[in-house]
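Now for the letters of each chain:
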Amino acid sequence: MLSLEKISVLHDQSAILNTCSLQVAQGEIVGLMGESGSGKTTLLRTIAGFQRLAEGEVIVAGRCLSCPSHCTAPEQRGISMVFQDYALFPHLTVAQNIAFGLHRVSKIEKRLRVEQLAQMMELTSLLGRFPHELSGGQQQRVALARAMAPKPDLLLLDEPFSNLDRPLAIRLAKTLREWIKAENMAALVVTHSLEEAQLMCDRLASLHLGRLQPLSHAA
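Note that the coordinates shown come from a computational prediction; the quantities given were computed from them, not determined experimentally.

Colleague: Can you help me understand the domain arrangement of the protein chain in this one?
Modeller: Reports often express the size of an interface as the amount of accessible area lost when the parts come together. Segmenting the protein chain into domains produces domain 1 (1-78 + 163-218) and domain 2 (88-151). Between domain 1 and domain 2, the C-alpha centre-to-centre distance is 24 Å. Listed as interface residues are 11 residues of domain 1 and, on the opposing side, 13 residues of domain 2. Carbon and sulfur atoms supply 73% of the area that domain 1 and domain 2 bury against each other, a total of about 1,100 Å² over both sides. Area buried by domain 1 at its contact with domain 2 is led by Leu-172, Leu-176 and Trp-179, which between them contribute 45% of it. Along the lines of polarity and charge, the residues of the side of domain 1 that touches domain 2 split into 7 nonpolar, 2 polar and 2 charged.

Encoded structure:
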């Protein structure tokens, strides 16, 4: 599903990512770990199309989406990303934020999808609220539900449980894994928590000084 072929990203002529290669199969969840500043968020942003490549290729579902001479627009990639700052639409309710990416489906299908995801993320009682009326943890769960809603080819999660208390984070990590597997998505999850990574992921990779280290099984 996802293939990174020796990708490099530069900033002021210095390599943020240095010849990184990675494969994630359809239905597989890979965790990405590493110290702050190692390039984890840059790697996700590059896959999503928000960062240009200096070298290499990003291939998703057999399509080359990025290379040094070409960058497919983020909205045309079939990828959903949850940012650390959530990026919710302030003028839309929780229900409208979750439904934002649901195009070409009936109103009934849209409503059912929103209700299913709201239940999964424990947001059912908050569907009529606006982002400014939510806590940081609630906003984080809305962002997760919105990312899942369109059933993307690839799901990119940047510290998806960082603002949640531990019992809720562990509960949602298990639930999110079940949903990703049931819908046969591929997912790449950045986390600092080894416990979350082991609960959610099939394999783990790590970044050190912009270089990807060999993958290992999560369990």
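Colleague: Could you clarify how one ought to interpret the layout of surface pockets in this entry?
Modeller: Take a probe with the size of a water molecule and roll it over the atoms, and the empty space left behind shows itself. By volume, the largest pocket amounts to about 660 Å³. What lines the largest pocket is a set of 25 residues, and nearest its centre among them are Glu-75, Ile-79, Ser-80, Met-81 and Pro-150. Of all the secondary-structure elements, those providing two or more residues to the lining of the largest pocket are strand S7 (79-82) and helix H4 (136-148). The leading source of residues in the lining of the largest pocket is S7, at 4 residues. Among the residues forming the lining of the largest pocket, the class breakdown is 14 nonpolar, 5 polar and 6 charged. The residues that make up the lining of the largest pocket include at least three from each of domain 1 (1-78 + 163-218) and domain 2 (88-151). Approximately 200 Å³ is the volume attributed to the second largest pocket.

Colleague: Looking at this model, I keep getting lost on the packing of aromatic side chains. Mind explaining?
Modeller: Geometry of an aromatic ring pair is reported as the spacing of the ring centres plus the angle between the planes. Scanning the entire structure with this criterion turns up 2 aromatic pairs. Seen from their ring centres, Phe-89 and Phe-100 are 4.4 Å apart, and the 40 degrees between their planes marks the pair as tilted. With Phe-89 in the loop between S7 and helix H2 (94-99) and Phe-100 in the loop between H2 and helix H3 (107-120), this residue pair connects regions lying 11 residues apart in the sequence. Judged by its relative accessible area of 44%, Phe-100 falls in the partly exposed class.

Colleague: Sorry if this is basic, but what is going on with the state of the cysteines here?
Modeller: Each disulfide consists of one covalent bond between the sulfur atoms belonging to two cysteines. In the structure shown here, the tally under the stated rule is 0 disulfides. Free cysteine: Cys-64, not disulfide-bonded; nearest cysteine sulfur from Cys-67 at 4.7 Å. A residue is classified by how much of its surface remains accessible, and Cys-64, at 31% relative accessible area, is partly exposed.

Colleague: Help me understand unusual backbone geometry in this model?
Modeller: Trans is the common state for peptide bonds, and a negative phi is the common state for residues other than glycine. One non-glycine residue, Gln-13, lies in the positive phi region at around 70 degrees. Looking at where Gln-13 falls in the secondary structure, it is placed in the loop between strand S1 (2-11) and strand S2 (14-24).

Colleague: Teacher, can you tell me more about H4 here?
Modeller: Residue pairs spaced three or four apart in an α-helix point in one direction, given the helix's 3.6 residues per turn. For H4, built from 13 residues, the straight-helix expectation of 18 Å at 1.5 Å per residue is met to within 8% by its first-to-last C-alpha distance of 19 Å. In terms of burial, H4 is a largely internal element, 12 of the 13 residues being buried. Among the residues making up H4, those that are buried are Gly-137, Gln-138, Gln-139, Gln-140, Arg-141, Val-142, Ala-143, Leu-144, Ala-145, Arg-146, Ala-147 and Met-148. Turning to H4, the residues buried within the fold contact S7, H2, H3, strand S8 (154-158) and helix H5 (166-182).

Colleague: Even after reading the chapter, I still don't get the pairing of S8, so can you show me in this structure?
Modeller: Successive residues of a regular strand alternate their side chains across the two faces of the sheet. Counting buried positions along S8 gives 5 out of 5 residues, so the element sits mostly inside the fold. Burial of S8 is two-sided: the residues Leu-154, Leu-156 and Asp-158 facing one way and the residues Leu-155 and Leu-157 facing the other way are all buried. Pairing of S7 with S8 involves 4 bridges; the strand directions are parallel. By the bridge assignment for S8, Ile-79 is matched with Leu-154. As defined by bridge partners, S8 adjoins strand S9 (residues 186-190) across 5 bridges and the pair is classed as parallel.

Colleague: How should the side chain of Ser-193 be read in this particular structure?
Modeller: For Ser-193, the location among the structural elements is in the loop between S9 and helix H6 (194-200). At 3.0 Å, the side chain of Ser-193 forms a polar contact with the backbone nitrogen of Glu-196. Not counting residues up to four positions away in its chain, the partners in contact with Ser-193 are Met-33 and Arg-166.

Definitions and cut-offs
- Residues numbered from 1 in each chain as written.
- Predicted model: local features only at pLDDT ≥ 70, side-chain atom pairs only at ≥ 80, totals over all residues.
- Heavy atoms only, no water.
- Domains from an automatic or database assignment.
- Contact = heavy atoms within 4.5 Å.
- Buried area = accessible area lost by both parts, 1.4 Å probe.
- Nonpolar A, V, L, I, M, F, W, Y, C, P; charged D, E, K, R; others polar.
- 1 Å grid on protein atoms, 1.4 Å probe; cavity = no way out; pocket = protein on both sides within 12 Å on 5 of 7 lines; lining within 4 Å.
- Points joined across faces, edges and corners; volume = space filled by probe spheres on them.
- Helix = DSSP H or I, 4+ residues; strand = E, 2+ residues; numbered from the N terminus.
- Phe/Tyr/Trp six-rings, centres within 6.5 Å; stacked < 30°, edge-to-face > 60°.
- Buried < 20%, exposed > 50% of the residue type's maximum accessible area, 1.4 Å probe, protein only.
- Disulfide = S-S within 2.5 Å.
- Expected span 1.5 Å × (residues − 1).
- Pairing = 2+ DSSP bridges.
- Polar contact = N/O pair within 3.5 Å; in protein donor to acceptor, adjacent residues only side chain to side chain.

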